[in-house]
Amino acid sequence: MADPTALGEQAKRNGAHANGDGGARDAALGSLGAAARAGTRTFGRASGGLLGAGRRLAGEALGAAARQAQRALTADLDDRDPDYIRENLPLSWLLATLWYRAEVRNMGNVPEQGPVLLVGNHTGGNMSPEVIVLPLAFSTYFGVERPFYQLAHNLVLASPAGPFLRRYGAMAASHEHAEEALRAGAAVLVFPGGDWEVHRPSWERNKVDLAGRRGFIKLALKANVPVVPVVTIGGQETALFLSRGAWLAKLTGADRYLRLKVLPISLSLPWILNVGDLLGHLPLPAKITIEVGRPIDLHEQFGPDPDVDEVYDHLTGLMQDTLDGLAAERRFPVIG
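Residues numbered from 1 in each chain as written. Predicted model: local features only at pLDDT ≥ 70, side-chain atom pairs only at ≥ 80, totals over all residues. Heavy atoms only, no water.

Right, let's get into the pattern of salt bridges. For the coordinates displayed, the defined rule picks out 15 salt bridges. A salt bridge links Glu103 to Arg105, with the shortest nitrogen-to-oxygen separation between them at 3.0 Å. With a closest N to O distance of 2.9 Å, Arg105 and Glu329 form a salt bridge. One end of the pair, Arg105, is in strand 1 (residues 103–105); the other, Glu329, is in helix 12 (residues 308–329), with 224 residues separating them in the sequence. (Salt bridge = Lys/Arg side-chain N within 4 Å of Asp/Glu carboxyl O. Helix = DSSP H or I, 4+ residues; strand = E, 2+ residues; numbered from the N terminus.)

Have a look at this one:
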């Protein structure tokens, strides 16, 4: 039989050993907790550092893209190359005719000579058909020596088609560039709706939306040149345009770094889901019809001091009526 006293001593020793193990476990757990807290702080700092680095890299990338785009957006009237146009006009017009079945009506409404401001609605995203078709038709009708410039928004000039379009007279949209070309006696085509109109959803394809921009009227009055409305239909059928993506431009900082108010979203070839359209897209072969309206002498029609709002309402009303007429002729999207 075991000695009770010995058993008691053994129990004390076991208890002391157990308490020692418990203290060691507590100490170990405390060390693990401290390590975990330290790791959390380190991870937090690392995550913050990574996020900060990511933002810095994104900013640098956008900044570099902005600088590259800015270089592409400088205007030089000499970039228009009549010899290049002359050499490529037959083939370019043939391709435009085959792909878009392009039809330009009433080009004779444009005054035969002198500066004139053509004002058009804008369609088709960054691969805007009228930016290609109208210069071809103008040069075919009036000859390549008559200077003709088109003011295009930044996304178009930054696209793969930008260098080609510049040789046909495309320039970055600004009042300074337009005034320079008009002073040189050129015909100038402007799209007041710009990127806001050209990236409108496809279900708004039959709507003229110049976004309330009236600067072109002041430009025409200042330069004392006639205004010729130009209306295009079919471009918004060359892809399925889903959204202008104004919210996306703000979210990514493109509005701040690239001065882009939209970052459009569309379904188009070959990308399927196309965000930004920065690389352009393969447009569907939708039939493009362009109708040129009669010239408007603003002072003659609206008096010596025209009301800009009245002129804007009159001109957009004429353009919308023309677009409604063109839309009534179409039977099916793309097919025309």
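With that settled, consider the sheet that holds strand 5 (residues 187–190). Taken together, seven strands build an open sheet; the order of strands is 1-10-6-2-5-3-4 and the sheet is mixed. What marks the edges here is a single partner per strand, and that holds for strand 1 and strand 4 (170–172). Ignoring strand direction, the axes of neighbouring strands in this sheet form an average angle of 25 degrees. Inspection of the sheet shows strand 3 (residues 148–152) paired to strand 5 by three bridges, in the parallel sense. If you follow Gln150 over to strand 5, its bridge partner there is Leu189. (Pairing = 2+ DSSP bridges. Axes fitted to C-alpha atoms, helices over the stretch in contact; angles between N-to-C directions.)

Bringing the pairing of strand 9 (residues 272–275) into the picture now. On any regular strand, side chains alternate: one points to one face of the sheet, the next to the other face. Of the strand pairs in this sheet, strand 8 (residues 265–268) and strand 9 are connected by four bridges, and their pairing is antiparallel. Its bridge partner being in strand 9, Ser268 is matched across the sheet by Ile272. Count of turn residues in the strand 8/strand 9 antiparallel hairpin: three residues.

No statement about biological role is implied by the geometric values presented.
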